[in-house]
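# Topology and contacts: notes
Here's the letter readout for the chains.
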Amino acid sequence: MLEIADLEVRYGAIRAVRGLSLSVATGELVALVGANGAGKSSTLMCIAGALKAAAGSIRLDGEDITSAKPEAIVRRGIATVPETRDVFPDLTVEENLTLGGYTRRRDGPGMAEDRQRMLALFPRLAERTSQPAGTLSGGEQQMLVIARAMMSRPKVLLLDEPSLGLAPVVVEQIFAMIAALKAAGTTILLVEQNVAKALAVADRAYVMRLGRIAASGTAAEIGGATDLKALYLGG
Amino acid sequence: MTFAIQFVIDVLSLGGAYALMALGLVIVYGILRLVNFAYGELIMVAGYTMFLVGGSGLPWLVMAAVAVVMAVLAGIATDYVAFRPVRAKSVTAVLITSFAFSTLLQNAALLFISPRPQTVPLPALFSKTVTIGGAVTPLRNIITIVAAVVLLGLFALLMRRTVLGIAMRAAATNFTMARMLGVPANLIITSAFAISGFLAGVVGLLWIGRIGTVVPGIGLEPLLVAFIATVIGGMRSLSGAVIGGFLLALIDTSLNYTLPQDLLKFRDAFTFSLVILILLWRPEGLVKGPASGQRT
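Numbers given to residues run from 1 along each chain, matching the order in which its sequence is written. Written order decides the labels, with chains lettered from A and ligands numbered from 1. For this predicted model, a pLDDT threshold of at least 70 governs which residues receive local features, and a threshold of 80 or more governs which side-chain atom pairs are given and counted, while totals over whole chains, interfaces and linings are taken from all residues.

## So, the overall build of chain B
Strands here mean DSSP runs of E at least two residues long; helices mean DSSP runs of H or I at least four residues long; both are numbered from the N terminus. Each helix and strand in chain B was counted, giving 12 helices and four strands. In this treatment the radius of gyration is a C-alpha quantity, and the globule benchmark scales as 2.2 Å times the residue count to the 0.38 power. Taken over C-alpha atoms, the radius of gyration comes to 19 Å for chain B, in line with the 19 Å a tight globule of 296 residues would show. With respect to the three principal axes, the spread of C-alpha positions in chain B is 60 × 50 × 35 Å. Exposure criterion: with C-beta atoms placed from backbone coordinates, a residue whose C-beta has 20 or more other C-beta atoms within 10 Å is buried, one with 12 or fewer is exposed, and one in between is partly exposed. Across the 296 residues in chain B, those meeting the buried criterion constitute 49%. Placing a C-beta atom from the backbone of each residue, one calls two residues in contact when those atoms lie within 7 Å. Excluding contacts between residues fewer than 6 apart, the proportion of contacts in chain B whose partners are at least 24 apart in sequence is 77%.

Below is the structure:
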């Protein structure tokens, strides 16, 4: 479904992503793990269109989307949850969800149905629909951005560090919800530093180091690799 | 009592006009983080359109509608001519292009029309006066208040109840994230300029209605007023712009009422001194805008 070949992302002279190739099949949950600064978020932001690719290609269902604008990429079916979470703090939870469905704003009944589905999946949000999103806790904001992204009925959901800075109990909840989304058939590319958690929900995983894919395999293979620590630390 | 009523009407009508001016400026600033220095010329465009269609014999409301439409088109043209080509470059570039567009429009008016004031058709209603609670006031002032209330109401409705409005508020906080949800950047920016032009057009009619003539430099004072009102209000907040507009009108009107005749011509100096005091007290403006956002 999503295929990336020889992707390169640069910040000036610095090459954050160097010749990265990966693929995500329909219905799969693929984890992209690696140490801080390995280039995981850059990869994700590049797929989302927020960063320009210096080289390489990104294809969705065989169509080249490498240099498409962020708004065009959402319309093609890729929704992004950035690591900075980025709820619109002054907008209510409801308004945030409405915007999530911006690409389908003419599909009123479908939107209402998805809204119900998301509020059922994230009951904490259902209690707070008219509250400004900025007043939510970190965990609730994370739930909101995931729900918001799902409102566009994406073919692929890009999740960047959903557990970042959250209390362990909240992390459990978030991952339970990611598992629920996957069970419902969503294709997910998950970037995560919390390797154990990521591998527990993922089908396959890629390990990134210094802008490159250092290892890949099924979640079990990666999880069982004794040299995982070495891959991480570059030993 | 009469005096109080008079005062309140003066503050509200001036404040209404100021608030609309400020709103027209801040709607673009909020999204682009750029001041549109050609904003005053949108008011000028509305004025000259009135002058040009003045001899046509059309009903006044039709002429007014044409003038507002022209202001909207001029607003959209500002985006296409001054902003879009250099938006991604630098703040300085846009600053210069918006100044250039402003100068271009002013000089076009000087060259093709006249440097002298031109009479603009006004409805008979504008020159009538009404007596409210003993206070005699031009009907124009009441019209301004009503227009301001209606437009502010419509504006609030647009921003809160429509997807476009919600998207514009979102884009004002975090443009990149809004785009990652599928909100097209160009649509939002052009809409902001169109709304800005619409507000400038209506304000232009009311503003020019006070004096009855239009000159090429007519836009300077509204631009200044709008700028100061938004600075007082907090630069980033829509409600702040409205509050700033009314506060500035309150200051201006109070000074008009209290300053002795000799000092009245220095009124702006007093106004700006008070503005400085307000800014020393609240450097961020009265209303805190949406949390930080980056320029696009």
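## Topic: unusual backbone geometry
Unusually for a residue other than glycine, Arg153 of chain A sits at a positive phi of about 45°. By the element assignment, Arg153 of chain A lies in the loop between α6 (138–150) and β7 (156–160). Phi angles above zero are rare outside glycine, and Arg33 of chain B is one such case at about 60°. Of note, Arg33 of chain B is situated in the loop between α1 (2–32) and α2 (39–53). C-beta crowding within 10 Å serves as the criterion here: with 17 such atoms nearby, Arg33 of chain B is assigned to the partly exposed category.

## Focus on the confidence of the model for chain B
All names here are of chain B. As a per-residue measure, pLDDT tells how confident the predictor is, with possible values from 0 to 100. Of the residues in chain B, 97% reach a pLDDT of 70 or more, and the chain-wide mean stands at 89. Taken together, the stretch residues 292–296 has pLDDT below 50 and engages in nine contacts with residues farther than four places along the chain or on a different chain. Confidence metrics for the complex model read pTM 0.86 and ipTM 0.87.

## Quick notes on the sheet that holds strand β1 (residues 2–11) of chain A
Residue and element names in this part refer to chain A. Paired strands are those between which DSSP finds at least two bridges. Judged by pairing direction, the sheet is antiparallel, and its four strands sit side by side in the order β2-β1-β4-β5 without closing on themselves. Because the sheet does not close on itself, it has two edges, and the strands there are β2 (14–24) and β5 (63–64). Pairing of β1 with strand β4 (residues 55–60), which is carried by five bridges, proceeds in the antiparallel orientation. What sits directly across from Ala5, in β4, is Ser57.

## Regarding the pairing of β2 of chain A
Residue and element names in this part refer to chain A. Judged from the seven bridges that link them, β1 and β2 form a sheet pairing that is antiparallel. Residue pairing in the sheet places Leu2 in a bridge with Val24 of β2. Connecting β1 to the next strand, β2, in antiparallel fashion are two residues, including Gly12 with a positive phi near 60°.

## Considering helix α3 (residues 93–100) of chain A
Where burial is concerned, most of α3 of chain A is hidden: seven out of the eight residues are buried. What α3 of chain A keeps buried is the set Val93, Glu95, Asn96, Leu97, Thr98, Leu99 and Gly100 of chain A. On the buried face of α3 of chain A, the contacting elements are α4 (108–121), α5 (123–126) and α6 of chain A together with α7 (163–173) of chain B.

## Some details on the environment of Arg179 of chain B
Here Arg179 of chain B shows up in helix α8 (residues 175–180). Its 24 C-beta neighbours within 10 Å are what place Arg179 of chain B among the buried residues. A sequence separation of 86 residues divides Arg179 of chain B from Lys265 of chain B, and the C-alpha atoms of the two residues are 49 Å apart. If sequence neighbours within four positions are ignored, Arg179 of chain B has contacts with Pro70 and Glu71 of chain A together with Ala185 of chain B.

## Brief notes about α1 of chain B
Residues and elements named next belong to chain B. One fewer than the residue count of a helix, multiplied by 1.5 Å, yields its expected span. Its 31 residues give α1 an end-to-end C-alpha distance of 45 Å, which sits within 8% of 45 Å, the value for a rise of 1.5 Å per residue. Across the 31 residues of α1, 24 count as buried, placing the element largely inside the fold. Arg33 sits one or two residues past α1 and shows a positive phi near 60°.

## Overview of the sheet that holds β7 of chain A
All names here are of chain A. With mixed pairing, the six strands of this open sheet are ordered in space as β6-β7-β8-β3-β9-β10. The sheet is open, and its two edges are formed by β6 (78–81) and β10 (212–218), each paired on a single side. In this sheet, neighbouring strand axes are inclined to one another by 15° on average, regardless of whether the strands run parallel or antiparallel. Note that β6 and β7 share four bridges and pair parallel. Bridge pairing links Ile78 to Val156 in β7. Along the sheet face, α6 touches β6 and β7 and points at about 170° away from the line of β6. Note on geometry: axes are C-alpha line fits, over the in-contact stretch for helices, and angles between N-to-C directions span 0 to 180 degrees. On top of the sheet, helix α7 (residues 168–183) reaches β3 (29–34), β7 and β8 (187–192); it is set at about 155° to β8, its chief contact.

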